Amino acid sequence: MLKNTKVVLFLSFLFAFTQVFAGAITPQPSAPSVAAKSYILIDYDSGRILAEENADEKLPPASITKLMTSYVVSHELHAGNIHLDDEVLISEKAWRMQGSRSFMEVNTKVSLESLMRGMIVQSGNDAAVALAEHIAGSEETFAQMMNQYAQQLGMYNTNYMNATGLPDPDHYTTAHDIAILSAALIRDFPEHYEWYSEKEYTYNGITQHNRNKLLWRDNSVDGLKTGHTEEAGFCLAASAKRGDMRLISVVLGTRSENARAQETQKLLNYGFRFFETHQLYKANTGIIDTKVWKGATDQLSLGLAKPLSVTVPRGQYDQLQATTNIQQPVIAPVKAGTVLGEVDIRLGDEVVAKQPLVALNDVEQGSWWRRLIDEIMLWIWG
């Protein structure tokens, strides 16, 4: 009797009252041409890739590296191993760092929060090295932590050799991996993500402006990070939110500071204009009930462990169809969280999202009489 049962769910109750005039079809052009070695555009909530080219090519990321430096620091803060008011000693190595700097003085102590903002807003290499040394003792050891977090996030085409992004032949990542990291920063540490929208920061009497020009040009942009070396070209990881929809864009290897902003703006405008994102299901909310055999109760509610959002071309939201595939029979005992099937979301013949269906509550074994009756019924129907 082991089999799957399929149920097509009626989704119209989830949809906004979107009306399309008879005969009108929303245009769906291809993504714009982007003058970059590599780029990607993804939706933050659904994870759907809306545009890409060479997105998995390993390239030097320059100062976009500092996104991972920031991610590691935020994890350490969250774990209570360090604190924003920690006084961090500026070593000679940190003080001597070349490239963009926050102008920290050697052998002085600077608050960890000042170092974070100096690294994020001013792109200070001195601040990045000071943070790495404070957390791991040395920048080399800190780079090992960066690589371990990269693996945990699924950034399998990334390798870090330092906390700054200064050139090294073994220091590389991809546009796709940077997008994964950017989403993780926004999701896991929203309280620190706010720093990425700061347009300027003053330390030691020196005010420096954020190099992300889109913070001035587009009010929906609230991060993330620029990067530039001769080898990497001009790079930008950006995120913007319009209404309830957030997009993440990464461009690597453009020709100038203005170009990286212009090419990013192309991608963001394209994504917001021609796509829409909606949350179909919340986490831990019942989607469908299924029969449970030999249990203290005979019904079990199934749902999702995390929210499910979809991104579709504009005007096609009301054409979505959800299908559940449930493993049968479901026999008690069942623990909450047990995977018992999946839900597929389709747009025509395309599966645009899928997620495991899990038990939302425990079901204990029923009485011996219930188990006996159900055993007989299973045998008859089997």
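Our subject is the structure that appears above.
These figures come from a predicted structure and were not determined experimentally.

Parameters at a glance
- Residues numbered from 1 in each chain as written.
- Predicted model: local features only at pLDDT ≥ 70, side-chain atom pairs only at ≥ 80, totals over all residues.
- Heavy atoms only, no water.
- Phe/Tyr/Trp six-rings, centres within 6.5 Å; stacked < 30°, edge-to-face > 60°.
- Helix = DSSP H or I, 4+ residues; strand = E, 2+ residues; numbered from the N terminus.
- Buried < 20%, exposed > 50% of the residue type's maximum accessible area, 1.4 Å probe, protein only.
- Lys NZ or Arg CZ within 6 Å of the ring centre and 35° of its normal.
- Pairing = 2+ DSSP bridges.
- Axes fitted to C-alpha atoms, helices over the stretch in contact; angles between N-to-C directions.
- Core = buried A, V, L, I, M, F, W, Y, C linked by side-chain atoms within 4.5 Å.
- Contact = heavy atoms within 4.5 Å.
- 1 Å grid on protein atoms, 1.4 Å probe; cavity = no way out; pocket = protein on both sides within 12 Å on 5 of 7 lines; lining within 4 Å.
- Points joined across faces, edges and corners; volume = space filled by probe spheres on them.
- Nonpolar A, V, L, I, M, F, W, Y, C, P; charged D, E, K, R; others polar.

Caption draft 1: Summary view of the packing of aromatic side chains. Inspection of every chain in the model, using the stated rule, returns six aromatic pairs. Relative to tyrosine 149, the ring of tyrosine 71 has its centre 5.9 Å away and its plane inclined at 80 degrees; by these criteria the two rings are edge-to-face. With tyrosine 71 in helix H1 (residues 66–79) and tyrosine 149 in helix H5 (residues 139–153), the pair connects residues that are 78 residues apart, well separated along the chain. A single burial state applies to tyrosine 71 and to tyrosine 149, both of which are buried. Ring geometry for tyrosine 270 and phenylalanine 274: centres 5.6 Å apart, planes at 50 degrees, overall tilted. Taken together, the residues tyrosine 270 and phenylalanine 274, both in helix H9 (residues 257–274) and four residues apart, mark about one turn of the helix. In this structure, tyrosine 270 and phenylalanine 274 share a single accessibility class: buried. By the ring-pair criterion, three or more aromatic residues cluster together here, those being Tyr71, Tyr149 and Phe189. The ring of tryptophan 293 carries lysine 291 above its face, with NZ or CZ at 4.6 Å from the centroid.

Caption draft 2: Up close: the sheet that holds strand S2 (residues 38–43). Ordered by their spatial adjacency, five strands build an open sheet running S3-S2-S10-S9-S8, and the pairing between neighbours is antiparallel. The two strands at the open ends of the sheet, each matched to only one other strand, are strand S3 (49–53) and strand S8 (221–229). Averaged over all pairs of adjacent strands, the angle between strand axes in this sheet comes to 5 degrees, irrespective of strand direction. In this sheet, strand S9 (residues 233–242) lies alongside S8 in antiparallel orientation, the contact comprising eight bridges. Pairing of threonine 226 across the sheet is with leucine 236, part of S9.

Caption draft 3: A look at the nonpolar core. Within the largest apolar cluster, 62 residues are counted, with the highest numbers of intra-cluster contacts made by Leu67, Met68, Tyr71 and Leu115. Among the elements that make up this core, the one with the highest residue count is helix H6 (residues 175–188) (eight residues). Apart from the residues within four sequence positions on either side, tyrosine 71 is in contact with Tyr149, Leu153, Leu181, Ala184, Leu185, Asp188 and Phe189. Judged by nonpolar contacts, the second largest core, of 27 residues, contains Ile287, Val292, Leu300 and Val330.

Caption draft 4: Inspection of the layout of surface pockets at higher detail. There is about 800 Å³ of room inside the largest pocket. In terms of lining, the largest pocket is formed by 27 residues, of which the most central are Tyr44, Asp45, Ser46, Gly47 and Lys306. Going through the elements one at a time, S2, H6, strand S14 (308–313) and strand S18 (350–359) are the ones with two or more residues in the lining of the largest pocket. In terms of residues, the lining of the largest pocket owes the most to one element, H6, which gives six residues. In terms of residue class, the lining of the largest pocket is built from 13 nonpolar, seven polar and seven charged. Its volume calculated, the second largest pocket comes out at about 180 Å³.

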